[in-house]
Amino acid sequence: MQYAIHRFESVTSTNDIAIRMAEEGAPEGTVVVAREQTAGRGRRGRSWSSPPGTGLYLSVVLQPGLTCEQLWQMAFVASVAAAEAVGRASGLPARIKWPNDVLLNERKACGILVEARKPSARGGQPTAIVGIGLNVNTEEFPPEIAQTATSIALELGRPVPVAHVEDALLASLDARYGMYLAEGFAPVFQAWKGFDCTVGRHVAVDTPDGVVAGAALGLDSEGNLVIEGEDGVSRRVTAGEVILRGSV
Ligand code: BTN
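So, a few notes on the structure that sits alongside this text. (Residues numbered from 1 in each chain as written. Predicted model: local features only at pLDDT ≥ 70, side-chain atom pairs only at ≥ 80, totals over all residues. Heavy atoms only, no water.)

### Some remarks on the state of the cysteines
Heads up, the condition is: Disulfide: a pair of cysteine sulfur atoms within 2.5 Å of each other.
For the coordinates displayed, the defined rule picks out zero disulfides. No disulfide involves Cys-197; its sulfur sits 13 Å from the nearest other cysteine sulfur, which is in Cys-110.

### Some remarks on the packing of aromatic side chains
Put simply, the test is: In this analysis, rings of Phe, Tyr and Trp, with Trp reduced to its six-membered ring, are considered paired at centre separations within 6.5 Å, and the interplanar angle assigns stacked below 30 degrees, edge-to-face beyond 60, and tilted for intermediate values. In this description a helix means any DSSP run of H or I spanning at least four residues, a strand means any run of E spanning at least two, and both kinds are numbered starting from the N terminus. A 1.4 Å probe rolled over the protein chains alone gives each residue an accessible area, and that area as a share of the maximum for its type sets the label: buried under 20%, exposed over 50%, partly exposed in between.
Under the definition given, this model contains nine aromatic pairs. A centroid spacing of 6.0 Å and a plane angle of 80° characterise the contact between Phe-76 and Phe-189, whose relative ring orientation is edge-to-face. Taken together, the residues span a long stretch of sequence, with Phe-76 in helix H2 (residues 72-90) and Phe-189 in helix H5 (residues 186-195) at a distance of 113 residues. Residues Phe-76 and Phe-189 agree in their burial class; the two are buried. Between the aromatic rings of Tyr-180 and Phe-185, the centroid separation amounts to 6.5 Å while the plane-to-plane angle is 70°, which identifies the pairing as edge-to-face. Neither residue differs from the other here; Tyr-180 and Phe-185 are each classed as buried. Connected via pairs of aromatic rings, a cluster forms that spans Trp-72, Phe-76, Tyr-177, Tyr-180, Phe-185, Phe-189 and Trp-192.

### Section: the side chain of Asp-220
Here is the rule: For the purposes of these results, a polar contact is taken to be a pair of N or O atoms within 3.5 Å, where, inside protein, one atom must be able to donate a hydrogen and its partner to accept one; residues adjacent in sequence count only when each atom of the pair is a side-chain atom. The contact criterion used is simple: two residues touch if any of their non-hydrogen atoms lie within 4.5 Å.
Of note, Asp-220 is situated in the loop between strand S9 (210-219) and strand S10 (225-228). At 2.9 Å, the side chain of Asp-220 and the backbone nitrogen of Glu-222 are in polar contact. Those residues within four positions of Asp-220 in sequence are excluded, and the remaining contacts are Phe-189, Val-226 and Arg-236.

### Comments concerning the sheet that holds strand S11 (residues 234-237)
To keep things clear, this is the line we draw: DSSP calls a pair of strands paired once it identifies at least 2 bridges connecting them. An axis is simply a line fitted to the C-alpha atoms; with a helix, the fit covers only the stretch in contact. Between two such axes, the angle follows the N-to-C directions and lies from 0 to 180 degrees.
Here five strands make up an open sheet; going across it, the order is S11-S10-S9-S8-S12 and the pairing antiparallel. Of all strands in the sheet, those with a lone pairing partner are S11 and strand S12 (241-247), marking the two edges. When the angles between neighbouring strand axes are averaged without regard to direction, this sheet yields 40°. Where S10 and S11 come together, four bridges link them in antiparallel fashion. Paired with Ile-227 across the bridge in S11 is Arg-235.

### A word on the sheet that holds strand S5 (residues 101-104)
Two orientations exist for strands paired in a sheet by backbone hydrogen bonds: parallel and antiparallel. Strand order in the open sheet made by the seven strands is S1-S2-S3-S7-S6-S5-S4, with mixed pairing throughout. Every other strand in the sheet has two partners, leaving strand S1 (4-11) and strand S4 (95-97) as the edge strands with one partner each. Direction aside, the axes of adjacent strands within the sheet are offset by 20° on average. Here S5 runs beside strand S6 (residues 107-117); their pairing, made up of three bridges, is antiparallel. Across the sheet, Leu-104 pairs through a bridge with Arg-107, a residue of S6. Here helix H1 (residues 14-23) sits on the sheet in contact with S1, strand S2 (30-37), strand S3 (55-62), S6 and strand S7 (127-135), set at roughly 150° to S2.

### Some details on helix H4 (residues 162-183)
Going by this rule: One less than the residue count of a helix, multiplied by 1.5 Å, gives the span that helix is expected to have.
Helix length check: H4 (22 residues) gives 31 Å between terminal C-alpha atoms against 32 Å at 1.5 Å per residue, within 8%. Buried within H4 are the following residues: Val-162, Val-165, Glu-166, Ala-168, Leu-169, Leu-170, Ser-172, Leu-173, Arg-176, Tyr-177 and Tyr-180. Two residues or fewer past H4, Gly-184 is found with a positive phi of approximately 85°.

### Considerations on the packing of H4 against H5
What counts, and what does not: Angles below 35 degrees are treated as roughly parallel, those above 145 as roughly antiparallel, those between 65 and 115 as roughly perpendicular, and all remaining angles as oblique. Each residue gets one of three labels, nonpolar for Ala, Val, Leu, Ile, Met, Phe, Trp, Tyr, Cys and Pro, charged for Asp, Glu, Lys and Arg, and polar for the others, Gly among them.
At a closest axis distance of 8 Å, the pairing of H4 and H5 adopts a crossing angle of 135°. The orientation of H4 with respect to H5, classified from their angle, is oblique. Residue-level contacts link Arg-176, Met-179, Tyr-180 and Glu-183 of H4 to Pro-187, Val-188 and Ala-191 of H5. Broken down by class, the residue content of the contact of H4 with H5 amounts to five nonpolar, no polar and two charged.

What follows is the structure, encoded as structure tokens:
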């Protein structure tokens, strides 16, 4: 993939800028990077704390030829790329918590938000805007995430250049997306499972329909998490925030 990188000092959200560029015809590989976001967005209507210069805030325009229902696969591509890049840039063992949170030492260092734009032309495929937020040198977090967030620098004990992490991330994303285009989702899913720290744990998932607790048994082919409750009944969870507990 040929990247065209657009850099900004401060934006509301890099996803906002990338969506606008995609709507104006920007091609696949368009990347928006900002030093700061004033209205960074997270999943499930949350905000993403984005102070200037300490984190990587980046959005990539992709056109993988998927339907809107299949675009979740791009979040898996991105989380594998991010976990790999964190490992390469820092030497730290990054893990992935379902669906796409990248953790260091069980705390969240990176989040992914994929947004879709329907094609304007009839018969076209939707465009995916893949937003990645990575805490690189962040040392302080808002109180509501202070106990659950971390950064590469906090875990490593020294800062690393944000540009170095960006290079690693874009290289990994290119490799994993290329793999996805050439071989389909299976090898990416396999790589995701290699980073996963959710399956085999007792979990509580805060879903839109309430909390589902039990043993995380695995993922189905649509990326949903299968949880066996204490009543022995297996439930599929399609979205939510996982709280990890002990091993099964
Ligand atoms: C999450 O809730 O875990 C997803 C966080 C995604 C944050 C990134 S930062 C770059 C891009 N722009 C945004 O506004 N959000 C994403």
